[in-house]
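Here is how the chains run, residue by residue.
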Amino acid sequence: MKSKDKSSQKDDLSANPFLSKQWNGGVRPNETEEEAQLRARQLQEAHKISKQIDSNLHEARKAMEKRRKGVKILLLGQSESGKRAFSPKAFEGERQLWKTIIQLNIISSLRIIVETLAQDWESNGAYPRTPTDSPADGPARKLRRLRLTLSPLFFIGSNVLKLISPDCKDNCREVCVRGTEWKGLLKRRPRASSVSDAPEYSLASRRRSQSVVNQEIDPTSVLCGSRAEIIDLWADPLVRQTLQRHRVYLEQMPGFFLNDIARIATMDYLPSDSDIVRARIRTVGVEEHHFVFEKGAESNADVYITDVGGSRSQRATWVPYFDDVQAILFLAPLAFNQTLEEAVRVNRLEDSMMLWREICSSKLLAKANLILFFNKMDVLQATLAAGVEVRRYVPTYGDLPNDEQTVTKYFKEKFRTYHRRNSPQPRPFMCYETSAIDINSMAVLLIGVRESILRQHLREGDML
Ligand SMILES: Nc1nc2c(ncn2[C@@H]2O[C@H](COP(=O)(O)OP(=O)(O)OP(=O)(O)O)[C@@H](O)[C@H]2O)c(=O)[nH]1
Ligand SMILES: [Mg+2]
């Protein structure tokens, strides 16, 4: 029996050159039969691992080769410039996930309102220390009621943020995500309560089940339960006046959905494509999308689109992606009257121009095609229509007409000049005006842009 076992092992091992050098087919001096068998099994295991590593290396090499031959496109631009709308989107199958992001955006707007009201009403001495200090309908009472009503929603919002935003601290407001991991985390989130599933989930039952709320990670039921209060709050002239006094223009902030609250705060709400494009999620780090281009003559080409975080602290992560990139899509909204969120003294448009100059002058990017997008044209139109004058923010604009066409032409010339002066070698200047929330025009434009990048890539012979 023993000898049969040994001979069959020997047969297996003799077919394995890696092991045959080390396995002499028998028991070594000072080794028991069991020890010899154990050694054989360990060697076999080592061989399996080694083959697995070989295969992984082979796959990695193949992937690298495929990537090398593929078209690499890099999305650049300051934070909130709209880069997400320029990367490939998968609306279907992800609506439930984006619903949560939109709910978080709403919670974030509500937090801003409560904080602004508190700041105003407390600093005026209107906020009472005890309930008897205030008249029944006074702002202080209102604020107290509001805090009570919204606190379960704020709790749940923080729970979800902690789950999906690894860099989120305790009082984090914004949805910041690394890569696409957050999608998996949201998909796998456990359902904490059955109480809150009821559509009639009331304020009273919410209070009773506070401990359940503390662990809850789906805002849907609580948001539906607070629907009427949120609608009233957003329609309240006193609230609007207070926000205006503090120059809090929620409607102009990314991820603003309070005008749609009646539609969104329902149990069966599913976001439309347009809702998803309007949702706000800040990118931390770098996100790469790979797809096979299937339209037009240039079909079946591998395209890699890299989306980066655009806030100042994130920009150091861009450089490693400059290496072999064929095209940069650079987003520069003409936000002449806005400042950066992370540096409130820095004008957004100045920051974009400074970045553009740096990108144009980068030697690593000397061969890359640079395509400039004046994104958020709808915002520019609204700003100019509201009578905001460019010359107040950009003195060199002088007395030129304050209309969209002249403003766009003026800044296009500035970007063109930087491009010509700073590029290490001549290259074409390409500039498009876009509004990324207009999903139909964007889809057509992006296909056209990708097709032309691909054609250029083929012409340069990299793929041949
Ligand atoms: N009104 C308007 N909003 C836009 C447009 N393009 C993007 N947005 C919104 O602007 C917000 C910011 O867009 P993102 O794509 O997340 O910005 P980003 O450039 O990726 O920002 P980071 O990830 O921080 O680098 C989102 O809420 C978008 O819906 C546009 O053309 N018009
Ligand atoms: Mg982003």
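Residues numbered from 1 in each chain as written. Chains lettered and ligands numbered in written order. Predicted model: local features only at pLDDT ≥ 70, side-chain atom pairs only at ≥ 80, totals over all residues. Heavy atoms only, no water.

Caption draft 1: The arrangement of the overall build of the chain in detail. Helix and strand counts for the chain come out as 18 helices and eight strands. Split into buried and exposed, the 464 residues of the chain put 47% on the buried side. In the form shown here, the chain has an accessible surface area of approximately 24,300 Å², with 52% of it arising from carbon and sulfur atoms. (Helix = DSSP H or I, 4+ residues; strand = E, 2+ residues; numbered from the N terminus. Buried < 20%, exposed > 50% of the residue type's maximum accessible area, 1.4 Å probe, protein only. Areas by Shrake-Rupley, 256 points an atom, 1.4 Å probe, with all protein chains shown as cover.)

Caption draft 2: Just the nonpolar core, in detail. I106, L110, I113, W182 and L258 are the most contacted members of the largest nonpolar core, which totals 48 residues. Where this core is concerned, the elements lending two or more residues are α4 (95-123), α5 (139-164), α6 (181-187), α9 (220-225), α10 (227-235), α11 (237-245), α12 (261-264) and α13 (273-278). The element that contributes the greatest number of residues to this core is α4, accounting for 13 residues. With 36 residues, the next largest nonpolar core counts F330, L334, L380 and F411 among its residues. (Core = buried A, V, L, I, M, F, W, Y, C linked by side-chain atoms within 4.5 Å.)

Caption draft 3: Region of interest: the confidence of the model for the chain. For the chain, mean pLDDT is 84; residues scoring 70 or higher make up 82% of the total. Across residues 1-11 the pLDDT falls below 50, and counting only partners more than four positions away or on other chains, this stretch makes nine contacts in the model. (pLDDT = per-residue confidence, 0-100. Contact = heavy atoms within 4.5 Å.)

Caption draft 4: Up close: helix α15 (residues 377-385). Among the residues making up α15, those that are buried are M377, L380, T383 and L384. Around the axis of α15, the buried residues are gathered within 120 degrees of arc, so they sit on the same side. Structurally, α15 contributes buried residues whose contacts are with β7 (369-374), α16 (390-393), α17 (404-422) and β8 (430-433). Residue G387 follows α15 closely and has a positive phi angle near 90 degrees. (Arc of directions from axis to C-beta.)

Caption draft 5: The arrangement of the packing of aromatic side chains in detail. In total, this model carries ten aromatic pairs according to the counting rule given. Seen in terms of ring centroids, W98 and W182 are 5.2 Å apart; in terms of plane orientation they differ by 80 degrees. Their pairing is edge-to-face. Of the two residues, W98 is situated in helix α4 and W182 in helix α6; the sequence distance between them amounts to 84 residues. Given a relative accessible area of 6%, W98 falls into the buried group. Taken together, the ring pairs in this structure connect F330, W356, F374 and F415 into an aromatic cluster. In this structure, R240 is placed above the aromatic ring of W234, and the distance from its NZ or CZ to the ring centre is 3.8 Å. (Phe/Tyr/Trp six-rings, centres within 6.5 Å; stacked < 30°, edge-to-face > 60°. Lys NZ or Arg CZ within 6 Å of the ring centre and 35° of its normal.)

Caption draft 6: Representation of the sheet that holds strand β1 (residues 71-77) within the structure. Spatially, six strands are ordered β4-β5-β1-β6-β7-β8 in an open sheet, and the strand pairing comes out mixed. Of all strands in the sheet, those bounded by a partner on one side alone are β4 (286-293) and β8. Going across the sheet, the axis of each strand differs from the next one's by a mean of 20 degrees, ignoring polarity. One ladder, built from four bridges, connects β7 with β8; its direction is parallel. Directly across from F373, in β8, lies its bridge partner Y432. (Pairing = 2+ DSSP bridges. Axes fitted to C-alpha atoms, helices over the stretch in contact; angles between N-to-C directions.)

Caption draft 7: Structural detail: the site of ligand 1. With respect to spatial proximity, 26 residues lie near ligand 1, and among them S79, V277, G310, D378 and A436 are the closest. The contact in question runs from a nitrogen atom of ligand 1 to an N or O atom on the side chain of N375, over 3.1 Å. Summarising the interface, the protein chains cover 95% of the accessible area of ligand 1, which totals 660 Å² for the free molecule. Where the shell around ligand 1 is concerned, the elements lending two or more residues are α13, β3 (282-284) and α15. (Near = heavy atom within 4 Å. Polar contact = N/O pair within 3.5 Å; in protein donor to acceptor, adjacent residues only side chain to side chain.)

Caption draft 8: Highlighting the UniProt feature "binding site: Mg(2+)" (unreviewed entry) in the chain. Within the UniProt annotation, "binding site: Mg(2+)" (unreviewed entry) is assigned to T283. Along the chain, T283 falls in strand β3. Excluding residues that lie within four positions of it along the chain, T283 makes contacts with V177, D307, V308, G309 and Q314. (UniProt positions renumbered as here; feature names shortened; annotations may be inferred.)

Caption draft 9: Broad picture of α10. Of all the positions in α10, only I230, L233 and W234 are classed as buried. What you see down the axis of α10 is that its buried residues fit within an arc of 90 degrees, all on one side. Facing away from the buried side of α10, by more than 90 degrees, are the exposed residues D232 and A235.

Caption draft 10: Layout of the environment of K83. Note on placement: K83 falls in the loop between β1 and α4. Accessibility expressed as a relative area gives 6% for K83, which makes it buried. The spacing of K83 and V308 is 225 residues in sequence and 8.2 Å in space, taken between C-alpha atoms. Contact partners of K83, with chain neighbours within four places excluded, come to L75, L76, G77, Q78, D307, V308, G310 and L331. At 3.0 Å, the side chain of K83 and the backbone oxygen of Q78 are in polar contact.

Caption draft 11: Expanded view of the UniProt feature "binding site: GTP" (unreviewed entry) in the chain. According to UniProt, the "binding site: GTP" (unreviewed entry) feature falls on N375, K376, M377, D378 and A436. These annotated residues cover 62 residues of sequence, and their C-alpha atoms lie no more than 9.1 Å from one another, placing them together at a single site. When you line up the elements, N375 lands in the loop between β7 and α15. Here the side chain of N375 touches S81 through a polar contact of 2.8 Å, landing on its backbone oxygen. Along the chain, the position of M377 falls in helix α15. In this structure M377 comes out as buried when scored by relative accessible area, which is 5%. When neighbours within four sequence positions are excluded, M377 is seen to be in contact with E404, T408, E433, T434 and S435.

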